[in-house]
Structures are given as C-alpha cells and as structure tokens.
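The residues making up each chain are set out below.
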Amino acid sequence: MGEAVGSRRLVVEVCNARNLMPKDGQGTASAYAIVDFDGQRRRTKTKLRDLNPQWDEKLEFLVHDPESMANEILELNVYNDKKTGKRSTFLGKVKISGSSFAKAGSETLIYYPLEKRSVFSQIKGEIGLKVSFVDEGPPTASAEAAPAAAETKSEEKPVTDEKKPETVEKKPAEEEKKPVAEEKKAEEAKTEDKNKSSAPKEEEKKKSAEKLKTEAAAAKPKEEEEKKKKEADAPSPAPPSPAKDPQQTGYNGDLEIRAPSASERGNGGCSYDLVDRVPYLFVRLLKAKHSGADSEKTTYANLVIGSHSVRTRTVKSGDWDQVFAFHKASLNSTALEVSVYEEKKPDGDKPVPDAALGSVSFDLQEIPKRAAPDSPLAPQWYTLEGPTEGSPGCDVMLAVWVGTQADEAFQEAWQSDSGGLIVHTRSKAYLSPKLWYLRLTVIQTQDLRLPPLSDPKPRPVGSTGSDLYVKAQLGSQVFKTGRVSMGSASSSANPSWNEDLLFVAAEPFDPHLTIVVEDATAGQSVGQAKVPISTVHRRIDDRAEPPSRWLNLAGDEARPYAGRVHVRVCLEGGYHVLDEAVHVASDVRAASKHLSKPPIGLLEVGVRGAANLVPMKVAKDGSSGSTDAYVVLKYGPKWARTRTIIDQFNPRWNEQYAWDVFDPCTVLTIAVFDNARFKQTEPAKDVRIGKVRIRLSTLDTNRVYANSYPLMAVHPVGAKKMGEIELAIRFSCPSWLNLIQAYTSPLLPRMHYVRPLGPAQQDVLRHTAMRTVSARLARSEPPLGPEVVQYLLDTDAHVWSMRRSRANWFRVVGCLSRFAGLARWAHGVRTWAHPSTTVLVHVLLVAVVLCPQLILSTLFLYLFLILVWRYRVRPREPTGPDPRLSHVDAVGSDELDEEFDGFPSSRAADVVRQRYDRLRAVAARAQTLLGDVAAQGERIEGLLSWRDPRATGIFVVFCFLASLVFYAVPIKVLVLGMGFYYLRHPRFRDDMPSASFNFFRRLPSLSDRIL
C-alpha cells in the first residue's frame, strides 16, 4: 500500500464562473472556490466584486488509491468572501463523479451548473472546470516523507477554511446539521490518511506499532460508548426531501428484498439481474360486498399510508380491480389503512358528505413477501371495521404483498414514483413498422386521349406537342418522372420513360398506389389509375424481373377511357430500409423474412438511474425547478421507454430490457428526455437532456459493464453537462464461430451491392422512412413524440454545421498525422539526425535486399508484436460522447446559432448574408485545395500526352536509358544503390530541391484553361 501512494495526482483547473448570484448587498459578489477531494481541501483566490470571475488556477490533489478513484466524489463549493459583505455567503456547489475524470491531455473545458444546498438557497450561474489526472511512478523511500508532511498540512488547513463560511453564513438548522454517517466517513478517511502518512519505515518500529494497535483495540469499546452517548444527546438531522435527493435502492427493515446472488444468476438466468431489486408495496383491490338489501351502491376505496393517500375509481357494485404500487423507500408510516366509502348524490345545491362503510388496517411488518417466479398472491375477503351506526356490514376483497419492479403487476399498477396512472408516464416497448421499398417502373403509355384545352395558350416556339410526365403517389409520398414530348410522329405518339420511382411502404400498407399521367404544357391531368398494394408482386433478389401490367387510365366524365400505361410494380424485400445513418445503424437485416438469419447473441441493458440532472422546468421567478426524466432506448426495430420519475434530479429507474443481436457491428442508442406531455393543461414537446451511443463491437462478450456516462448537450449558448446516466450492459454470445463469421459477411444485404442506390436517393428515402416511423410511433399509447424519434435517429446529422465540419476536418488530419509522423521519421533518418538509427536502417536495407522473401513475414510479425504490446492499454470500458472530438469547447455563439437555425433560415437578412460570406470564404479554401490536388494528376496526364513536347521528350529518353540500365544491372544492386543514395550524409546533399522534383513541378496542368 505504501508503494502506491503518490502514483496518481488529480489536477483541477478552476477556470471561471458566469452569472453568479449577487450576495454582498451591492449587486456584486467576491467569489472564491473551495475544492474537496479524498479528504483534502484546496482554495482559490478571491475575485473582488465580479459576477463573472476568472481564476485560471490549478489545484492538485493526491489520489491515495487510484483503483477506487472512480468511486470518489469531487465537491466544489463557491462562497462570497465575508470581508466584503454580510449576507449569506454560499454561491453554489458542484459534485463530479470520479468516473468522469479524463487523463491528462484529453481534458476539456466543461461548464457545470451550480446546484443548491437546500430548497431555500438562492443559486444561479455555472462554473467552468478542467479535471484530469496524471499517473506518475512510485516515489522512493527517501521521498515519502515530503508528500506525507504536505498532506498533513493540507488536512490541517481545511479546518480553518471550513470555519470561515460557517461563521459568516447563517444557515438554517437543516443545513448546519450533517448526517452522522457522513461524519463517521470523514473521521475514518482522516484516520486512514494519517496512518498512511505516519507508517513506520524500519522493522524495529513495527513492533511498537503492533503494541499501539492492541492498546487502541482495548480502548475502542470505551470510545464507542462515548460516541453513542453523544449521538443520542445530539438532535437528529432533518430528513432530506424525497423530491430532490437520490432514492434508496433497498429497504433496511424486515421487508428488505435481497438481490440475486451470482449463483442464482448463473442457474436461473433471471431477469432484472443488471439492476437493483427495488421493493414496492402492492395493494390489489378487487371488489366490495354489501350485506344489506341495497347492494348496488356507488362506492370507492381510499388507501392511506402516512402522507400517501390514493383513491380508486367510483363504480357501482364495488368492482374496482385495481393495483397500487408504493415505493418502500418513500413510505413514512408502518400501517396501511384501506377505507370504503359510499358516494352520496348532492341534495340540490348542498353537497352531501360521503358515508364511510368501514376500514381495514395492515401492519407493514406482517405483510408477506413475494418473488417474481412465485404465483400471484390470491386475494381474500376482509371485513371492514368501524361502520356508521345503522349501516349494514361490508366486506372487501384485496391482496397485499411486498414485491419488486419485476412483478408482473407492476407495469399496469398505479405507481407512487411516476405520478400514478398517467398514461404519458408509463414504461412501454414499441416496435417500428416493417418497412419495404416499393419500386414503380414506368415503361410507356399508349392510346392517350388528351383533354381539350379549357384556356388555350400559345405554345412555346419550336414545340410540336405536349410535354407529358407520370406522377405516382403512395400516402403522402409523391414522385414524378421526367418530361417527354408527345409529337405527331409514330415514335413519339406513345411516349416511353423507362424510369424507376422508389417509395417507402410500411406495414400495414396503404390501400392503393395512384398513378397519374399529366400534361405539363396544359397543366391538366390526362388520366389516372390505381394499383392495390395487396396485388403487388414481392421479390427478394434481382434474378427475375417482376411481371409488367397494362393499366387503363380513367379520365373525366367525357373521357371514361383516356388511354393506358405500361408499368412494373414490385415490393423489394432484398433491401434494408435505412431509417438512420449507416454509421450508427442498429439493424441491417433485409425486409423479407425469407432472408432473415438466426440471432448470434443477446444484448441486455439495465437502466439503473441518473445523477445530477439539471432543472429543465424552471419557475418564472427562477426560485425553483424540476425535472421529470425518462429514458428511451433504441436498437433494431424495438424501442424501449422507461417510466417517468416525477420531480427528481437523481431518478432511479432500475428497469432492464433485452434485444436479439443479428450483427455485432451495430450501435445502441440511449437518450434521456424531460417529460412535458403528462401535464394535459400545457401540452408541449419533450426536451432532450442528453444522448449516449454504445457500439456493440467494443464490448467483450459475457461481461457486465456497469458505468456512468456523462450526458452532454449542445445549446445555443454552448455545450453543457446535463447530468450522468448509470447503465449496466451485457452482450452475450453463445458461439464464437458465428460471431467471427459475422465480421466477414457484408454489412448490408445483397441487393445494396447488386443494384445500389445513389447517395442522393438514399438520403431522400432515409428521411421518408424516418417520417414514416415517427408518424406511426406518435399514434401509440403513450405516444413517442416526433422530437424523440428524430433525436434518436439523428436526422440532423447531414445538416450543415461549421462545428461538425471543423470536427470532421480534424478527424481527417488526425488520421493523416500517422503518415506525417512516418514521413518526419524518414526525413530524420535521411538527414542523419540520429546517426545510430540511420546506420541501423542501412543494415535493414541490406538485409531486405539480400533476403526479399522475408519482407512480408517480417512486416506482419512486426504488426503482430505491436498489436500485442498495445493490448495492455486497450480501452477497458465503452466510451460516451467526446466533447473534445466534437469541438464544442472552441465554437462561437454565432456558429452555434447557425447550427440550431432551421431550414429555410429564420434569421435576419444581415445575419444570413454574413454567414453566407463566411461560408464562401471556407468554400474558397476548399476550392483551392481541390484545384491543387487536380493539378498533380493533370501533370502526370500532361507528361504522357505530349502537352509539353520538350518535357515529354526528356521523359522518353529517360525511360529508354532506364530500361537499358535495369536490363543490364541486377535489381538488388539498383535497390541498394538507390537506398544508399537516398540515405547519403548531409555533407553530400544539396539544400535545393532535387532535379526530379523540379521537373515534375514544371509540367503543365489545366489550371490555365479554367475561366
């Protein structure tokens, strides 16, 4: 343990803060920050009277245990200096999980919103931080004392620093009293740090340390008794608000439900093994029975558990058949009371109170438990106690048990943590409609009878007939063929097109495909025909053409027969209809079930919860905020939506879903949204919080990845961290052979390569498929909004964005940097920058020339060794979005506003003109780059086409002499000679470019012929 101390340092760069709350009574604040991590505390300088302070200070912390750093929490508190004001000094806090720390060199500036410490805190603004860690070698024995002494000093200083904000700020009683568990953890952390810093170094001191331990163990019971007395005398801390604090995932009483062990998971393969089993109290009310003559009473039941009170629907004869689920962690009582009431009709304008028929109570400690594999608990009759005098007795049939979210009654039950029985907060699974490509081939028309012109117009000069085109419509999709002139000649009397029109058809199909022949010259319809989709031929390959058919065109009343059209219609089952971008596709199977293959594995995802979500619904005065979050998962045609947790910044869903995997090179998409639809009074669109994508090929098989991923979102004001989501992912694959075989198979079905679709056509069809899927899912119950579907399908990936263009450019530069590094290395060898390396390259050149059969084997062996060496530093966990790769920290506000602008633009003309000029400047640089690339190829073509006779003549003579030399001199001697000439010493080298380079640069290009 002593050797690992000091092997890692955490560097926190406090950059700046924005829009802080004024606290000094003069409209400003003098802010400073205090950062706590792993029992250590650091403080920044005070920025006087500045609501947007700029610190740019780096604070370093010592990581005692690098392996457990992911479980640590970095806490930053911002205060107003007490010397300049007398008001409350607290300005906000930020908590960052250790799993989100980046390695040094890959950190980026992220703005975290300042959080409140209590409901009554007045906080606003955000703070920009760069957090990274640096790995160092283990320190020597002589150097251990210095960091230990520095660490003890840093532990003594926070004691005085902690007192500063406490003495100035007048905290409420709830804020000043911390839980006893936190004090114990802090004491244990300090004792561990002191033990590490004062560890003996010599063997003789170990004996004395053991004696001290025995004495401390003897005195430990006395200290524990004193602590217990102090805790009993101290007032108990106020309970945290269940709406803002993270919910507990277990229950510590007698009704605690144990999570399945590893052996149970392996034997049974039970569901919900990736998430915590959360206990719920289930109450199922079936019906009530009256002993009196009037049994057809209008009754309802009321359930009360502490502050929870819920009422059933009012029905006659008391048949309710409703299930209620109460979250155990939120219950503040040990008794359940079920009361039955008879609803009384109002007597005129006077309301009549409802008559109580009795109640029955249950002790929560005596309620039975039920596991998911057990059969449902049978309901029983209970006699109600305490009816009013003179009223007949009443019995109620119900069942009460303690279960988990795996209970089959949980999905349709009234849930206390998701708003009850609101349809927009329920968890559901959706299926995308099955999509097909419908291909319409328009061949020709015959016997057309054009309608008479109602308003004759002079025809254009040179026109000999009407311009005809064919328009086809399937639902809301409309496509047209090109125009063909219909002349008097026999060849043009029956115009032909031979064009293909592709539609996206979704099951269940639209009833008809409408085909219309129109006269573009007259602007009138010649005739139309309808093709029932049920009669359309289906094919899975291109080996046989579908049968063609002649369709009669129906005109108006004067022309019941307007001619006929020759078409070929088929449903293409050999294509996969892309509704998302290819690089993030989650399903690549063909539309026809005859081409489907068995799955190769199973993907299981457990949505555990989220942490530190920002308020999405803020009050008008800015005093409070709330977030009603839910998660949507998309893989293949299956969509999963969790239930909505109402008014929680740290929601815990603990829901698990599974998908069949047909291709490992696919992507799982997970997004978090704020629900704005469950409030019927104010219908609005759900607001996106963040998105995470997990590529299945980066996951090891049969391994559980339980990690937290940051939720980043780009807003018009910049990138902002919206919180974190905690996921558990497992990719199971029973056969390695099928998994490896999938890497050698084509990514898309065969028809995409035999009869490929153009890029522009694919883009149009993809947007059409997206709109079709969005429209179908919007009609579900509860609906999945179009904004949710479009965000997960990434429909705006092809929209112009300066930020994305810059990110893609640097991606290309990053890929080419490897070759640039190799070129720099070769230049260093050539210029004898490192003579030893150049000598070794000479030896390698001789070995390669003398033994050319070893070139490929040596190359592949070198690659093998390099890849095996890099296996040690491979990515251990799947990664989320990368702000640095996305270039969200170096983008301007105008560029972000342009990115969020719709199409067509809604900005002012001056703004659009300015952006257009900027785009022209960028396009000019790209235009110059393309011209330079084209010039190199044109120089080679000009050398072979005698554009410059003298240059081509020189090249002809060189080719003739080179043929003689290569014929007379052995190839090994030539290679050695050229290699030694290239690697010659700089004293034998000229500073000017070589003759061959000068000759190539003088060759002509076609740049001088461009207008």
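Here the residue numbering is sequential within each chain, running from 1 through the sequence in written order. Only residues with pLDDT of at least 70 are given local features in this predicted model, and only at 80 or more are side-chain atom pairs given and counted; all residues enter the totals for whole chains, interfaces and linings. Hydrogens and water are ignored here; the side-chain numbers use all heavy atoms of the structure.

Undergrad: So what exactly am I meant to see when it comes to the overall build of the chain here?
TA: In this text, helices come from DSSP runs of H or I with a minimum length of four residues, and strands from runs of E with a minimum of two, each type numbered from the N-terminal end. When helices and strands are tallied, the chain shows 19 helices and 40 strands. Note on classification: 1.4 Å probe, protein chains only; a residue is buried when its accessible area is under 20% of the maximum for its type, exposed when over 50%, partly exposed between these limits. Of all 1011 residues assigned to the chain, the portion counted as buried reaches 39%. Two residues qualify as a contact provided that any one of their heavy atoms is within 4.5 Å of a heavy atom in the partner residue. Excluding contacts between residues fewer than 6 apart, the proportion of contacts in the chain whose partners are at least 24 apart in sequence is 69%. In the structure as shown, the chain presents an accessible area of about 57000 Å², 56% of it carried by carbon and sulfur atoms. Accessible surface area values rest on a Shrake-Rupley calculation with a 1.4 Å probe, where residue burial reflects the displayed protein chains alone.

Undergrad: Quick question: what am I supposed to make of the environment of tryptophan 832 here?
TA: Mapping tryptophan 832 onto the fold places it in the loop between helix H11 (802-830) and helix H12 (835-850). On a C-alpha basis, the gap between tryptophan 832 and proline 986 in space is 7.3 Å, while along the polypeptide they are 154 residues apart. Once residues lying within four places of it in the same chain are set aside, the contact partners of tryptophan 832 are Thr838, Val839, His842, Leu983, Arg984, His985 and Pro986. Side-chain polar atoms of tryptophan 832 contact the backbone oxygen of leucine 983, separated by 2.9 Å. Counted as a polar contact is a pair of N or O atoms within 3.5 Å, where, for protein atoms, one must be capable of donating a hydrogen and the other of accepting one, and residues adjacent in sequence contribute only when both atoms are in side chains.

Undergrad: Looking at this structure, I do not really get the packing of aromatic side chains. What am I missing?
TA: The geometry of an aromatic ring pair is captured by two quantities: the separation of the ring centres and the angle between the planes. Classification of ring pairs uses Phe, Tyr and Trp, with its six-membered ring standing for Trp, and accepts pairs whose centres are within 6.5 Å; under 30 degrees between planes counts as stacked, over 60 as edge-to-face, and the remaining range as tilted. One pass over the structure, following the stated rule, counts 18 aromatic pairs. Ring centres 5.3 Å apart and planes at 5° place the aromatic pair phenylalanine 282 and tryptophan 401 in the stacked group. Separated by 119 residues along the polypeptide, phenylalanine 282 in strand E10 (residues 279-290) and tryptophan 401 in strand E18 (residues 394-404) bring together distant segments of the chain. The exposure class of phenylalanine 282 is buried, given its relative accessible area of 0%. Taken together, a centroid distance of 6.5 Å and an interplanar angle of 70° make the contact between tyrosine 635 and tryptophan 659 edge-to-face. Here tryptophan 659 lies in strand E36 (residues 652-661) and tyrosine 635 lies in strand E34 (residues 629-635), a separation of 24 residues in the sequence. Grouping residues by exposure puts tyrosine 635 and tryptophan 659 together as buried. Chaining the aromatic ring pairs together yields one cluster made of Tyr280, Phe282, Trp401 and Phe410.

Undergrad: So what exactly am I meant to see when it comes to empty space enclosed by the protein here?
TA: Where empty space is left becomes clear once a probe the size of a water molecule has been rolled over the atoms. Here the term cavity refers to a set of points on a 1 Å grid, laid over the protein atoms alone, in which a 1.4 Å probe fits but cannot get out; the term pocket refers to an open set having protein on both sides within 12 Å along at least five of seven lines, with lining residues being those that place an atom within 4 Å of a point. Grid points are joined across faces, edges and corners, and a volume is the space filled by probe spheres set on the points. Within the structure shown, the criterion is met by two cavities of 30 Å³ or more. What the largest cavity holds in volume is close to 100 Å³. Lining the largest cavity, in full, are Val94, Lys95, Tyr112, Pro113, Glu115, Asn612, Val614, Lys721, Gly723 and Glu724. In terms of residue count, strand E40 (residues 718-732) provides more of the lining of the largest cavity than any other element does, three residues in total. Residue polarity is assigned by list, with Asp, Glu, Lys and Arg as charged and Ala, Val, Leu, Ile, Met, Phe, Trp, Tyr, Cys and Pro as nonpolar; anything else, Gly included, falls into the polar class. Tallied by class, the residues present in the lining of the largest cavity amount to four nonpolar, two polar and four charged.

Undergrad: Looking at this structure, how should I read the sheet that holds E36?
TA: Adjacent strands of a sheet form backbone hydrogen bonds with each other and so pair up, either parallel or antiparallel. The sheet built from four strands is open, its strands ordered E36-E31-E40-E39 with antiparallel pairing. Taken across any chain shown, the strands that pair with only one partner, and hence form the sheet edges, are E36 and strand E39 (704-715). Between one strand and the next, the sheet's axes are offset by a mean angle of 30°, whatever the strand orientation. A pair of strands is treated as paired once DSSP finds two or more bridges between them. As defined by bridge partners, strand E31 (residues 601-611) adjoins E36 across eight bridges and the pair is classed as antiparallel. For glutamate 604, the partnering residue across the bridge sits in E36 and is alanine 658. Only C-alpha atoms enter the line fits that serve as axes; for helices the fit covers just the stretch in contact. Angles between N-to-C directions range over 0 to 180 degrees.

Undergrad: Sorry, what's going on with the packing of helix H15 (residues 893-900) against helix H16 (residues 909-944) here?
TA: Between two packed helices, the angle of one axis relative to the other and the distance separating the axes together describe the packing. Here H15 crosses H16 at 105°, and the two axes come no closer than 12 Å. Taken together, the axis directions place H15 and H16 in an arrangement best described as roughly perpendicular. On H16, the residues that touch Asp894, Glu895, Asp897 and Glu898 of H15 are Val911, Arg915 and Arg918. Split into classes, the residues belonging to the contact of H15 with H16 amount to one nonpolar, no polar and six charged. Each angle receives one of four descriptions, namely roughly parallel if under 35 degrees, roughly antiparallel if over 145, roughly perpendicular if within 65 to 115, and oblique otherwise.

Undergrad: Please explain the pattern of salt bridges as it appears in this structure.
TA: Once the charged atoms of two side chains with opposite charge are near each other, the side chains can pair. Salt bridge, as used here, is a side-chain nitrogen of Lys or Arg placed within 4 Å of a carboxyl oxygen of Asp or Glu. Taken as a whole and assessed by the stated rule, the structure comprises 39 salt bridges. The salt bridge involving arginine 539 is made with glutamate 545; its shortest N-O contact spans 4.0 Å. With a closest N to O distance of 4.0 Å, arginine 920 and aspartate 917 form a salt bridge. Remark: aspartate 917 and arginine 920 occur in helix H16; sequence separation between them is three residues, near one turn of the helix. One connected set of salt bridges, linked through shared partners, spans Arg439, Asp500, Arg539, Glu545, Glu572 and Arg755.

Undergrad: Quick question: what am I supposed to make of the nonpolar core here?
TA: It is characteristic of soluble globular proteins that their nonpolar side chains tend to be buried jointly. As used here, the term nonpolar core means buried Ala, Val, Leu, Ile, Met, Phe, Trp, Tyr and Cys residues forming a set that is joined through side-chain atoms within 4.5 Å. Formed by 37 residues in total, the largest nonpolar core has its most connected members in Leu603, Leu633 and Ile725. Put simply, the parts of the chain that give this core at least two residues each are E31, E34, E36, strand E37 (667-674), strand E38 (687-695), E39, E40 and helix H7 (736-744). The element that contributes the greatest number of residues to this core is E40, accounting for five residues. Excluding residues within four positions of it along the chain, leucine 633 makes contact with Val605, Val607, Lys638, Trp639, Ala640, Thr642, Tyr657, Trp659, Thr669, Ile670 and Leu792. Counting 35 residues, the second largest nonpolar core, distinct from the first, contains Val14, Leu91, Ile96 and Phe133.

Undergrad: Could you clarify how one ought to interpret the sheet that holds strand E14 (residues 319-327) in this entry?
TA: Within the open sheet, the five strands sit side by side as E17-E18-E10-E14-E19. Their pairing is mixed. In this open sheet, the two strands that pair with only one neighbour each are strand E17 (380-383) and strand E19 (414-415). For E10 and E18, the ladder comprises 11 bridges, and the chain directions are antiparallel. Bridge pairing links leucine 285 to leucine 398 in E18.

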